[in-house]
Structures are given as structure tokens and as C-alpha cells.
Amino acid sequence: MISMPAPKEFHSACQEGVYWQVKNYLDELVDEHSDDAEHCDFYLKYGSTVLEISIEPFEDDNAVVEILAFCVQGVKPSIELMRELLRLNSQVPLGAFSLVNDDVFFSHSFLGRQLQPEQLIASLNSVATISDEYDEKIVEQYGGETALERLRNASSRPPRVTRAH
């Protein structure tokens, strides 16, 4: 039996409009991306990082576009790492680093109601470039692995086989 993906659930007409606008821009401007069938998200690879683009409702007549890079996964949180991320946040022109559990992210958000392709591309480039520049430096100094390493390691592991007794 083939299961059909759940339909997207939009919370406002503006969120839906921004979603389709982002999808059209990505289709035109990006060689390869994937669309999350259940959420208002897109994924693409850039260098050694993976980007997620999400569109969330904002008030009744707008939507927030968030470009998020899965920068480093499995890092050991420390005061030194948090200080370094705060220092970097004071230097980057767009976006900010965050630490959630043992994962470091870099993201930039903006309102999407009047989205122009240049705005989307500028944010994608900024988030991807900054994440790609710092992910390996963070791994070298604080441990963990880049998002692309995590994907490669997960796909290179042999599938688990359960044997019947």
C-alpha cells in the first residue's frame, strides 16, 4: 500500500502565498532542493552544510521566512563554545548562531509578505557561507561533526538486519 504525503497545512493565506513564492524562486534559482511534504519547509545542501527554509505564519497578514543551517551536530556544549558563538554573533552581518542541546545552528529570519528573489538569495548565501566557513572550525575546536559528515556517516552505515530465531 502506498501512503500519500499529508497535505500542507497553512495557517494563513499569506503563509501559503509566501510558501509558493519561495518554492517558485527555489525551482528557478537552485539546482537541487527537497520539499518537506508535511510542513512548510525546504532543504538543500551547500558546501558542508544543510539548509532548511521554513515559512511560519506571523500575525494575520504576514509570514516569517527562516533560513537555518545545520552547522555542527553532536558538539559538547561548554562555556567556551557559548562565548565563541556570542563573539561570532557580534561579527556576522546577517543572522546568528545558536546552540540547542548538542547542535549548533546558524540562521537568519525575515518577513516574507513582500519577498523579492534577491532577498531570498542574499539570505541563503549569507547563512550558507557563514555556516560553511565556521562549521569545520567549530568541529576542530569543540568536537562534533558537520551536517554533511553526519549525513554521509548515516548513509554509509550498513542497514541493521534483524534475524529471526
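Anyway, here's the lowdown on the structure attached to this text.

Procedures and definitions
Residues numbered from 1 in each chain as written. Predicted model: local features only at pLDDT ≥ 70, side-chain atom pairs only at ≥ 80, totals over all residues. Heavy atoms only, no water. Core = buried A, V, L, I, M, F, W, Y, C linked by side-chain atoms within 4.5 Å. Buried < 20%, exposed > 50% of the residue type's maximum accessible area, 1.4 Å probe, protein only. Helix = DSSP H or I, 4+ residues; strand = E, 2+ residues; numbered from the N terminus. Contact = heavy atoms within 4.5 Å. Phe/Tyr/Trp six-rings, centres within 6.5 Å; stacked < 30°, edge-to-face > 60°. Axes fitted to C-alpha atoms, helices over the stretch in contact; angles between N-to-C directions. Parallel < 35°, antiparallel > 145°, perpendicular 65-115°, else oblique. Nonpolar A, V, L, I, M, F, W, Y, C, P; charged D, E, K, R; others polar.

1. Points about the nonpolar core
- Counting 38 residues, the largest nonpolar core has Val22, Ile53, Ile55, Phe97 and Ile138 as its most contacted members.
- Of all the elements in the fold, those that place two or more residues in this core are α1 (13-29), β2 (41-46), β3 (49-58), β4 (62-73), α2 (79-89), β6 (103-111) and α3 (117-142).
- No other element matches the 9 residues that α3 contributes to this core.
- If sequence neighbours within four positions are ignored, Ile138 has contacts with Cys71, Val72, Leu81, Leu85, Phe97, Val104 and Gly143.
- Counting residues in hydrophobic clusters, the runner-up holds 5 residues, among them Val50, Phe70, Phe105 and Ala147.

2. Examining the packing of aromatic side chains
- Tallying each qualifying case throughout the model produces 6 aromatic pairs.
- Measuring from centroid to centroid gives 4.9 Å for Tyr19 and Trp20, while their planes differ by 85°, and the two rings are edge-to-face.
- A relative accessible area of 0% means that Tyr19 is categorised as buried.
- Note on Trp20: relative accessible area 39%, which makes it partly exposed.
- Taken together through their ring pairs, the aromatic side chains of Phe10, Tyr19, Trp20 and Phe42 make up a single cluster.

3. Quick word on unusual backbone geometry
- A positive phi angle is found at Glu59, which is not glycine, with a value near 55°.
- Here Glu59 lies in the loop between β3 and β4.

4. Topic: the environment of Val22
- Assignment of secondary structure puts Val22 in helix α1.
- Residue classification places Val22 among the buried residues on the basis of a relative accessible area of 0%.
- Between the C-alpha atom of Val22 and that of Gly112, which follows or precedes it by 90 residues, the distance is 9.1 Å.
- Contact partners of Val22, with chain neighbours within four places excluded, come to Phe42, Ile53, Ile55, Val65, Leu115 and Leu120.

5. Overview of the environment of Ile67
- Turning to its location among the elements, Ile67 is positioned in strand β4.
- Accessibility expressed as a relative area gives 0% for Ile67, which makes it buried.
- With 59 residues separating them in the primary sequence, Ile67 and Ser126 have C-alpha atoms 9.5 Å apart.
- Contact partners of Ile67, with chain neighbours within four places excluded, come to Glu52, Ile53, Phe106, Ser107, His108, Phe110, Leu120, Ser123, Leu124 and Val127.

6. So, the packing of α1 against α3
- Interhelical geometry of α1 versus α3 gives an angle of 70° and a closest axis separation of 10 Å. Judged by the inter-axis angle, α1 sits roughly perpendicular to α3. Between α1, through Val22, Tyr25, Leu26 and Leu29, and α3, the contact on the second element is made entirely by Pro117, Leu120, Ile121 and Leu124.
- Taken together, the residues of the contact of α1 with α3 break down into 8 nonpolar, no polar and no charged.

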